[in-house]
Amino acid sequence: MSCPDCDGELAVFAVPEPLEAHAPEAALTVGLCADCLRLHPTEEPPSDGESRPLADALPEGDAGAAVALLVGMLDSLALNRAGIVDCVEFAERSGTDVHLTLDRLQRAATDPHFDVARRQSQLDAFL
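Everything in this summary refers to the structure shown in the same document.

When helices and strands are tallied, the protein chain shows 4 helices and 3 strands. Reading the secondary structure of the protein chain in the N-to-C direction produces β-β-β-α-α-α-α. Over its C-alpha trace the protein chain gives a radius of gyration of 13 Å, about what one expects of a compact globule, namely 14 Å for 127 residues. The principal-axis extent of the C-alpha atoms belonging to the protein chain is close to 35 × 30 × 25 Å. Classification of the 127 residues of the protein chain by burial places 46% in the buried group. For the protein chain, the proportion of contacts with a sequence separation of at least 24, taken over those separated by at least 6, is 59%. In the form shown here, the protein chain has an accessible surface area of approximately 6300 Å², with 45% of it arising from carbon and sulfur atoms. Separation between the mean location of the 8 positive side-chain charges and that of the 23 negative ones in the protein chain comes to 9 Å.

What follows is the structure, encoded as structure tokens:
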């Protein structure tokens, strides 16, 4: 499946049950665009392994889904504060270094729709 905004490839993840409230349109699977880093609800089954877009930047499974949901909320920190905190905590409990993952995403995405480094520094300020 490709991104409806830029036609980039989507890294698809199943949304973990504790984070379902933070998924767009209450989707059970979401796709994070490898190019623009926009998050979209999808009905496509989750991708896995080396063939998954952003495989070098995002962890697999629930931790990857938590980071994908987090990235989907970074365009509005003030409105999404509770969801962002939930996703960061979930990802960290799963063993993921969120800051390192955001650094990798910044390098991997070709045309992010927001300034990843700026959002990361703002995220640091309120976590």
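Negative phi characterises most residues that are not glycine, and trans characterises most peptide bonds. Its identity as a non-glycine residue notwithstanding, Asp7 has a phi of 70°, on the positive side. Tracing the backbone shows Asp7 in the segment before strand 1 (10–14). With phi around 55°, Ala26 is a residue other than glycine that occupies positive phi space. Tracing the sequence through the fold places Ala26 in the loop between strand 1 and strand 2 (29–33). On the basis of relative accessible area, Ala26 is assigned to the exposed category, the value being 62%.

Once that is clear, we can look at the packing of helix 3 (residues 98–108) against helix 4 (residues 116–126). As a packed pair, helix 3 and helix 4 sit with axes 10 Å apart at the nearest point and diverge in direction by 165°. In terms of their interaxial angle, helix 3 and helix 4 are classed as roughly antiparallel. The element helix 3 and its partner helix 4 pack so that their crossing is right-handed. Contact residues: helix 3 offers His99, Leu102, Asp103 and Gln106, while helix 4 offers Val116, Ala117, Gln120, Leu123 and Asp124.

Tallied over the entire structure, the rule returns 1 salt bridge. One salt bridge in this structure joins Asp5 and Arg38, with 3.7 Å as the shortest N-O distance. With a gap of 33 residues between them, Asp5 in the segment before strand 1 and Arg38 in the loop between strand 2 and strand 3 (39–42) connect regions that are remote in the sequence. Of the residues examined, Asp5 reaches a relative accessible area of 49% and is grouped as partly exposed. The class for Arg38 is partly exposed, based on a relative accessible area of 31%.

Moving on: the sheet that holds strand 1. Paired through backbone hydrogen bonds, the strands of a sheet run either parallel or antiparallel to each other. Overall, antiparallel pairing links the 3 strands, which are arranged 1-2-3 in an open sheet. The open sheet has two free edges, formed respectively by strand 1 and strand 3, since each of these has just one partner strand. Averaged over all pairs of adjacent strands, the angle between strand axes in this sheet comes to 30°, irrespective of strand direction. Most of the contacts of helix 1 (residues 61–73) go to strand 1, to which it runs at about 120°, and overall it touches strand 1, strand 2 and strand 3.

A separate point is helix 2 (residues 81–93). If you check helix 2, its first and last C-alpha atoms are 18 Å apart, about what 13 residues at 1.5 Å a residue would give, namely 18 Å. For helix 2, every residue scored as buried is listed here: Gly83, Ile84, Cys87, Val88, Phe90 and Ala91. The buried residues of helix 2 occupy one face: seen down the axis, they fall within an arc of 165°. Exposed residues on helix 2 whose side chains face more than 90 degrees from its buried face are Ala82 and Arg93. In this structure, the buried side of helix 2 is in contact with helix 1, helix 3 and helix 4. A positive backbone phi angle near 90° is found at Gly95, which sits one or two residues after helix 2.

About the thresholds
- Residues numbered from 1 in each chain as written.
- Predicted model: local features only at pLDDT ≥ 70, side-chain atom pairs only at ≥ 80, totals over all residues.
- Heavy atoms only, no water.
- Helix = DSSP H or I, 4+ residues; strand = E, 2+ residues; numbered from the N terminus.
- Rg over C-alpha atoms; globule rule 2.2 N^0.38 Å.
- Buried < 20%, exposed > 50% of the residue type's maximum accessible area, 1.4 Å probe, protein only.
- Contact = heavy atoms within 4.5 Å.
- Areas by Shrake-Rupley, 256 points an atom, 1.4 Å probe, with all protein chains shown as cover.
- Lys, Arg positive; Asp, Glu negative; His and termini not counted.
- Charge placed at Lys NZ, Arg CZ, Asp CG, Glu CD.
- Axes fitted to C-alpha atoms, helices over the stretch in contact; angles between N-to-C directions.
- Parallel < 35°, antiparallel > 145°, perpendicular 65-115°, else oblique.
- Left-handed = near helix turned anticlockwise from the far one by under 90°.
- Salt bridge = Lys/Arg side-chain N within 4 Å of Asp/Glu carboxyl O.
- Pairing = 2+ DSSP bridges.
- Expected span 1.5 Å × (residues − 1).
- Arc of directions from axis to C-beta.

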